Amino acid sequence: MSWVGLDLHKRYVTASAPSDACHRGTPPAPLRRGCSWLASLLLAPVLLIMAGSRAAADVVRVEVDRREVLAGGVSWGSAGAYERLVGRVFFEFDPAHPADALIVDLRFAPRNARGKVEVWSEFVIYKPVDSGRGSGVTLFEIPNRGGGSLVNVPAASAMRGENSYLLRMGLTIVHLGWQADLSPGPATLRLHAPRAGDATRRIAGLVRTRWVVQSPTTVLPVTSAASHPVLDPDGGEHRLLVRADPLGDPAVVPRASWRFARLDGERVVADPGNVYLAGGFAPGRIYELVYRSADPLLVGAGLAAVRDMAEYLRDDPTSIAPTRYVVARGFSQSGRFLRHLVYQGFHLGSGGQRVFDGLFIIMAGGSRGSFNHRFAQPSTASGNHPTRLFPFASAVLTDPVTGARDGLLAHAGDSTQLPRIFYLDGGHEYWGSAASLTHISPDGTHDISLLPNERRYVLASADHSANARDLGPEEDARTPGTTLYRVNPLEGRPVQRALLTAMIEWIISGREPPPSRYPTIARGTLVAADAVRFPHIPGVAVPSAAVPIHHLDFGPRWPEGIIDFEPPRLGGQYPVQVGQVDSIGNEIDGIRMHEVEVPLATYLPWQLNTGAAAAVAPLVSEEGSIVPLPRTEVERRTAGDPRPSVEVLYRNRDEYLARVRRVVERLVQERFVLPDDVAGELSRAERIWAWVTAARGASSRN
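Residues numbered from 1 in each chain as written. Predicted model: local features only at pLDDT ≥ 70, side-chain atom pairs only at ≥ 80, totals over all residues. Heavy atoms only, no water.

## Here we look at the overall build of the protein
Across its full length, the protein holds 10 helices and 25 strands. Here the protein, with 702 residues, has 59% of them falling under the buried criterion. Counting every atom, the protein has about 26600 Å² of accessible surface; 52% of that belongs to carbon and sulfur. (Helix = DSSP H or I, 4+ residues; strand = E, 2+ residues; numbered from the N terminus. Buried < 20%, exposed > 50% of the residue type's maximum accessible area, 1.4 Å probe, protein only. Areas by Shrake-Rupley, 256 points an atom, 1.4 Å probe, with all protein chains shown as cover.)

Structure follows, in structure tokens:
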């Protein structure tokens, strides 16, 4: 059956079947309800048109283009069968409303007959077919560059692993496109926003593209050209800059030696989407193109769209997926998005009320992003782009460089309207993304207190993804002449599942979450990079410094979201600190998973640009490295490795696994691992043992 032109004030009705004993797993205890089975519901494509309540949100229409039942209607714990909704949501933003006026350049965007600016976005929603059987909690997954864990999963496929866990919790899961600068694609959720300016008032400004050249080439793509086209490609106001050091003064490449073009065979063809350099771009150099563009996309509307969709779902009783609570979760880029959202006040709804009950911010460090300024580039996270800017911490502090006072939550309104916030980072975020500045004074002298609504957790020695990789890397993953592999298989997803459960318990029942766990100056576990006591493993160099964070001056109009200095002028440096390590080389403080608590290797949250050739080499990639322990004392002495051998640490495999079990069970008691994940952790420990003891041609010792 299908609906067309459904009554805007009625919710759709579905038929249920008699209860059954069929279950698919059991949800965490705090979310359990009576279990029954809902027969699968076969639905034709649906066009569901609704008018969101203006008092609740700026959602004016929702169109569901496709609606289908998951996995043939199988029951997911007490939540029963799930359905997947794919469609579009339409917004109107009012330049005269204070909540919408936060969007940079909104007043210059085209308006409809009601004087509003129209924007629409694509969404994917997973919800219980019978909404009354769900947990009443919506997990608002902020897509990372248009994708997400459940965006492209076919509805006919049974969910496994992480996805199964979310469904068994009875959560409604929402993915909404918020990036206006993404290229179209069938697997990408996008925000469709207008451009600011028109024929009578054209808005022009500066855009910067940055490349770190790894191999010889004569052509590089202007990655921002699709969203911010080059204005007058033949003009002389565009600049190509080159530098050998990220902090060094750039040299200007003569305009006569480069142009906007690509190669067609041997022929150079004009193309505003590429830059051609006669003689080629030199490997190891950093190039930056600063060019003029016009008619900027209304990128900041993405923040307002996420806000208003959450408000619509939670506060509008006619919404397609009604909910009591909304928890937003973001990883990496989308975690930076959430830090930006709360800093600029987009967590508050049309009446100044909180629309997010919780924010789970993962692997964002001290960064925000290029999310709401003129000619913003949301996917940009490197170089001197507006991503790592004061304030870093939530509390109001004084910037030692400028003297300004600010805090991440300084503009968050009434403290009673603050969402509960979890920050989860890995060791990489301390080396590469200024995570230490989120909980120390900006001058680096002392720890600061977290606010009551916050908890901070750190996965010791984890790289940016904290996602278990193949435990048998090929030899080309090993740096020649060393035992260092360019992969870090430390797994952090069990902690993410446990902390999500803890946050929901905190919101629904008030149960306190696990205490924060992160390195501090007071305990001596947070130190300057050159004070880290790495063991001197033969052939393995260590970084001499973390990625430096400088004050960036974008010009006098930056508070309005307008860049005048591009690249920005570098000011004073902020004192970034990192986690101290133990004698193995694994980080001491934070949540120590069994990989570091019962070690078979040194887990490094970074990689060096040249592998292990020089300690001064800059960090490269967001992935880490692993250096297995020597298997035997003979191997250790032959290599001159100061770390203990596997045979000294553990009598055999069984002793190793018994110690792992004790660590995992303790993590369960501390609520950093769920009971359901214990078996998986033990199985992974067995694979780590097999790889370390056999990776270089030896058989496992039982």
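Moving on, there is more to tell.
## What about the pairing of strand 18 (residues 420-426)?
Counting buried residues in strand 18 gives six out of seven residues, a clear majority hidden from the surface. Judged from the six bridges that link them, strand 18 and strand 19 (residues 454-459) form a sheet pairing that is parallel. Of the residues in strand 19, the one forming a bridge with Ile 421 is Glu 454. A crossover connection joins strand 18 to the parallel strand 19 through helix 4 (residues 427-432); in handedness this β-α-β unit is right-handed. (Pairing = 2+ DSSP bridges. Right-handed = clockwise from strand over helix to strand, strands pointing away.)

## Brief notes about the sheet that holds strand 10 (residues 251-253)
Spatial ordering of the open sheet is given by 7-13-9-10, a layout of four strands whose pairing is antiparallel. With partners counted over all chains shown, the strands left at the sheet margins are strand 7 (204-212) and strand 10, one partner each. Averaged over all neighbouring strand pairs, the angle between strand axes comes to 30°, with direction disregarded. Where strand 9 (residues 239-243) lies against strand 10, three bridges are found, and the strand directions are antiparallel. (Axes fitted to C-alpha atoms, helices over the stretch in contact; angles between N-to-C directions.)

## Describing helix 9 (residues 653-669)
Taking 1.5 Å as the rise per residue, helix 9 with 17 residues should run 24 Å; its terminal C-alpha atoms sit 25 Å apart, in good agreement. What helix 9 keeps buried is the set Glu 655, Tyr 656, Leu 657, Val 660, Val 663, Val 664, Leu 667 and Val 668. Contacts made by the buried residues of helix 9 are with helix 6 (594-597), helix 8 (646-649) and helix 10 (678-694). Its side-chain oxygen placed 3.2 Å from the backbone nitrogen of Asp 654, Asn 652 serves as the N-cap of helix 9. Downstream of helix 9 by one or two residues, Arg 671 has phi in the positive range, about 70°. (Expected span 1.5 Å × (residues − 1). Contact = heavy atoms within 4.5 Å. Polar contact = N/O pair within 3.5 Å; in protein donor to acceptor, adjacent residues only side chain to side chain.)

## Some points on the confidence of the model for the protein
On average, residues of the protein score 86 in pLDDT, and 86% of them reach the 70 mark or higher. Residue range residues 697-702 is modelled with pLDDT below 50. Its contacts to residues more than four positions away, or to other chains, number 16 contacts. (pLDDT = per-residue confidence, 0-100.)

## Some details on the environment of Ile 173
Tracing the backbone shows Ile 173 in strand 5 (residues 172-176). Using a relative accessible area of 0% as the deciding quantity, one classes Ile 173 as buried. Distance from Ile 173 to Ala 321, taken between C-alpha atoms, is 9.6 Å for residues 148 residues apart in sequence.

## Side note on the sheet that holds strand 8 (residues 217-221)
Reading across from one edge, 8-12-11 is the order of the three strands in this open sheet, with antiparallel pairing throughout. Both edges of this open sheet fall to strand 8 and strand 11 (258-264), since each of them pairs with a single strand only. Recorded for the sheet is a direction-independent mean angle of 60° between the axes of neighbouring strands. As paired elements, strand 11 and strand 12 (residues 267-281) share seven bridges and run antiparallel to each other. The partner of Asp 264 across the bridge, within strand 12, is Arg 267.

## Describing the packing of aromatic side chains
One pass over the structure, following the stated rule, counts 23 aromatic pairs. With a centroid separation of 5.8 Å and an interplanar angle of 75°, the aromatic rings of Tyr 457 and Phe 672 are classed as edge-to-face. Of this pair, Tyr 457 sits in strand 19 while Phe 672 sits in the loop between helix 9 and helix 10, and the two are 215 residues apart along the sequence. Of the two residues, Tyr 457 and Phe 672, both sit in the buried class. The rings of Phe 360, Phe 422, Tyr 457, Trp 506 and Phe 672 are connected pair by pair, giving a single aromatic cluster. One residue, Arg 368, lies across the ring of Tyr 343, its end atom 4.2 Å from the ring centre. (Phe/Tyr/Trp six-rings, centres within 6.5 Å; stacked < 30°, edge-to-face > 60°. Lys NZ or Arg CZ within 6 Å of the ring centre and 35° of its normal.)

## Some words on the side chain of Gln 607
Structurally, Gln 607 can be placed in the loop between strand 24 (601-604) and strand 25 (625-628). Relative accessible area serves as the criterion here: at 5%, Gln 607 is assigned to the buried category. Separated by 3.2 Å, the side chains of Gln 607 and Arg 486 make a polar contact. Of the polar contacts made by the side chain of Gln 607, one reaches the backbone oxygen of Gly 624; its length is 2.9 Å.

## Structural notes on the environment of Lys 127
As for its placement among the helices and strands, Lys 127 is situated in strand 3 (residues 117-128). Side chain to side chain, Lys 127 and Ser 131 meet in a polar contact 3.3 Å long.

## With respect to the nonpolar core
One finds Leu 171, Leu 459, Leu 500 and Tyr 656 to be the most contacted residues of the largest nonpolar core, which totals 70 residues. Each residue touching Leu 171, except ones within four places of it in the same chain, is listed here: Tyr 82, Tyr 126, Pro 128, Ser 135, Val 137, Leu 139, Leu 166, Leu 500 and Ile 504. With 57 residues, the next largest nonpolar core counts Trp 178, Val 306, Phe 346 and Ile 361 among its residues. (Core = buried A, V, L, I, M, F, W, Y, C linked by side-chain atoms within 4.5 Å.)

## What to know about the packing of helix 2 (residues 301-315) against helix 3 (residues 333-343)
Taken N-terminus to C-terminus, the directions of helix 2 and helix 3 make an angle of 85°; their axes are 11 Å apart at the nearest point. Taken together, the axes of helix 2 and helix 3 are roughly perpendicular relative to one another. Contacts from Gly 302, Leu 303 and Val 306 of helix 2 reach helix 3 at Phe 337, His 340 and Leu 341. Among the residues forming the contact of helix 2 with helix 3, the class breakdown is four nonpolar, two polar and no charged. (Parallel < 35°, antiparallel > 145°, perpendicular 65-115°, else oblique. Nonpolar A, V, L, I, M, F, W, Y, C, P; charged D, E, K, R; others polar.)

## As for unusual backbone geometry
A cis amide bond, omega 5°, links Phe 390 with the succeeding residue Pro 391. Relative to the elements of secondary structure, Pro 391 occurs in the loop between strand 15 (358-362) and strand 16 (397-398). With an omega of 0°, the peptide bond running from Glu 566 to Pro 567 counts as cis. By secondary structure assignment, the location of Pro 567 is in the loop between strand 21 (549-553) and strand 22 (569-574). Within the chain, Phe 375 stands out as a residue other than glycine whose phi angle is a positive 60°.

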